[in-house]
Amino acid sequence: MALLCAGVLLTGCASAREIPAQPAASPTAAAAAQGTETPRRVSGFGLYFDTAVTVTLYEPEDGLLDDIWAACARYEQLLSKTVAGSDVDRINRAGGERVQVDPETWDILQRAGEISRVSGGAFSVSIAPLTALWDFTGGTERVPTEEERLEALPLVNDAAIVLGEDGTVTLPAGMSIDLGGIAKGYIADRIAAMCRTRCQGAVISLGGNTYVTGEKPDGSAYRVGVQDPQDSRGAAVAVLSLRDGSVVTSGIYERCFEKDGVWYHHILDPETGSSAMTDLASATVVTESSMTADAVATACIVLGSEGALRLLGELGLDGLLIGRDGTLWQTEGFGDKYGMVLTR
Ligand code: ADP
Ligand code: MG
C-alpha cells in the first residue's frame, strides 16, 4: 500500500491544490470522477469546499462512491460560507435573528463551542470577520490594515453564539462564522461512518484530514505520513501506522504568502487578527473523531507548543507537533502507539 501523506495533495506554499489524475469536470463545482483500479479496490476523487477529496475503498458495496460524492455535495451546500442559502450563509445574513438550521450544522456548532471554550478562544468559528479581511489566493494576496483588524477583533467571540434547544442558532448582528477549521473533520467522520458498514476498508482524505477505517485486504495496518512543513514537495517527516482513526494536520505552509519579508498563513490568532505567529509549523492530532482533531489541530497552531501540549493533555488526545525550527514534540506514548517512523 502506498504511503498516504496527510495533506500530500497540497504542494507546500504553492497553494495550488493539485488533483493527481483525471481532472474533474468542473474545477470549482462539486465535480467528481472515479476509476476502478482492480475489482476489489475502487479509488475516486472530487473537489469540494475548495479541497481535493480522495477516497480509496476496499470491497465497496455498489453505489458507495456515488453516495460519498452526494454527501460531499450536500455538506458543501449546507456548510460553506460562500454558498448562498447554506446554513452558514443564512446564519451570517440573519442580522441578529434566530435561524432554524439542519441538526448536523447545530451539532458541529455545539462541538466547535466546546473546543473554543477549552482552548480559551484559540479556536473560534466567529473568526469570519477577520478571515474576510485576508486573501490567501495566489496572485491576489492581501494583508489588512491594522485599523481593519482592530475593528474586526471585537466581532470574534464564540461565547456570543446562542444555540437554541429548538435547533436554532442566533448570532449577534455584525458577527459571522466560518467553519473552515472544523467542517472537513466532521465530513470525514460522516464518510467514515458510511464506509464502516458498506465496505471492508477505506482511506479518506480531505485536505489535511485523513481517515482510515476497516481492513486492508492483506490485513496490515494503514500507513499515514505526516507532511514535513519544511519540504515543499510534501514529503513525510513521520509515518504512523494505524488501523482505524483519523490523522489531522494543520500547518502554516498551507494557503500562505510572503509580503514585505513576513510570511502570512491562513490560521489566524483571534487575539491579534493576524496569522498565528507561534513556534509551531504544524500540529497533527490522531483520534477517532476527525471533527475534534480538526478543530484542536487548528487551535494548537494558535496556542504554540506549550499551550498545545497542555490542551492535548487536558483533552486526552494524541498529538505530534513540529516547530518552525524543526523541533518535534509528541504526547506521551505517541511514537509507540502509532509505530512512528521518523524519516529524517
Ligand atoms: P485547513 O482548512 O487547511 O485544513 P485548518 O483546519 O487549520 O486548515 O483550518 C483553517 C481554516 O479555518 C481557515 O482557512 C479559516 O477558514 C479557519 N480559521 C482560521 N483561523 C481560525 C481560528 N483561529 N479558529 C477557527 N477557525 C479558523
Ligand atoms: Mg482544523
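The structure reproduced in this document is the subject of the present report.

About the thresholds
- What you see as residue numbers is a count from 1 along each chain, following the sequence as written.
- Whichever chain is written first is A, and whichever ligand is written first is 1; the rest continue in order.
- Whole-chain, interface and lining totals are the exception, using all residues; otherwise, since this is a predicted model, local features are given only for residues with pLDDT of at least 70 and side-chain atom pairs are given and counted only at 80 or more.
- Only hydrogens and water are removed before side-chain values are computed, so all heavy atoms of the structure are retained for them.
- Each helix corresponds to a stretch of at least 4 residues labelled H or I by DSSP, and each strand to a stretch of at least 2 residues labelled E; elements are numbered beginning at the N terminus.
- For every residue, the accessible area obtained with a 1.4 Å probe (protein chains only) is divided by the maximum for its type, and the residue is called buried under 20%, exposed over 50%, and partly exposed between those limits.
- Residue contacts follow a heavy-atom distance rule, with two residues in contact if any of their heavy atoms lie within 4.5 Å.
- In these tables, accessible area is a Shrake-Rupley quantity obtained with a 1.4 Å probe, and a residue counts as shielded only by the protein chains included in the view.
- Whenever a helix is involved, its axis is fitted only over the stretch in contact; in every case the axis is a line through C-alpha atoms, and angles between N-to-C directions fall within 0 to 180 degrees.
- Angular relationships are summarised with four words: roughly parallel below 35 degrees, roughly antiparallel beyond 145, roughly perpendicular across 65 to 115, and oblique for the angles in between.
- Each crossing gets its hand from how the near helix is turned against the far one by less than a right angle, where anticlockwise is left-handed and clockwise is right-handed.
- Residues were grouped as follows: Ala, Val, Leu, Ile, Met, Phe, Trp, Tyr, Cys and Pro as nonpolar; Asp, Glu, Lys and Arg as charged; and all remaining residues, including Gly, as polar.
- Any helix carries an expected span of 1.5 Å times its number of residues minus one.
- Any pair of N or O atoms that falls within 3.5 Å is considered a polar contact. Within protein, one atom must be able to donate a hydrogen and the other to accept it, and sequence-neighbouring residues count only if both atoms are side-chain atoms.

What follows deals with the overall build of the protein. When helices and strands are counted, the protein shows eight helices and 18 strands. Per-residue burial for the protein yields a buried fraction of 56% across its 344 residues. A fraction of 60% describes how many contacts in the protein between residues 6 or more apart in sequence connect residues 24 or more apart. Summed over all atoms, the accessible surface of the protein reaches about 14,600 Å², with 50% contributed by carbon and sulfur.

Turning to the packing of helix α6 (residues 183-198) against helix α7 (residues 290-315), a few remarks are in order. At their nearest, the axes of α6 and α7 sit 7 Å apart, and the two run at 160° to each other. With respect to α7, the axis of α6 lies roughly antiparallel. For the pair α6 and α7, the crossing hand works out as right-handed. Across the interface between the two elements, Ala 183, Lys 184, Gly 185, Tyr 186, Ala 188 and Asp 189 of α6 pack against Ser 290, Met 291 and Asp 294 of α7. Its residues assigned to classes, the contact of α6 with α7 comprises four nonpolar, two polar and three charged.

The next subject is helix α3 (residues 103-118). The terminal C-alpha atoms of α3 lie 23 Å apart, and with 16 residues this matches the ideal 22 Å at 1.5 Å per residue to within 8%. Residues Glu 104, Thr 105, Trp 106, Ile 108, Leu 109, Ala 112, Gly 113, Ile 115 and Ser 116 constitute the buried set of α3. For α3, the N-terminal capping position is held by Asp 102, with its side-chain oxygen 2.8 Å away from the main-chain nitrogen of Glu 104. Phi turns positive, to about 65°, at Gly 120, one or two residues after α3.

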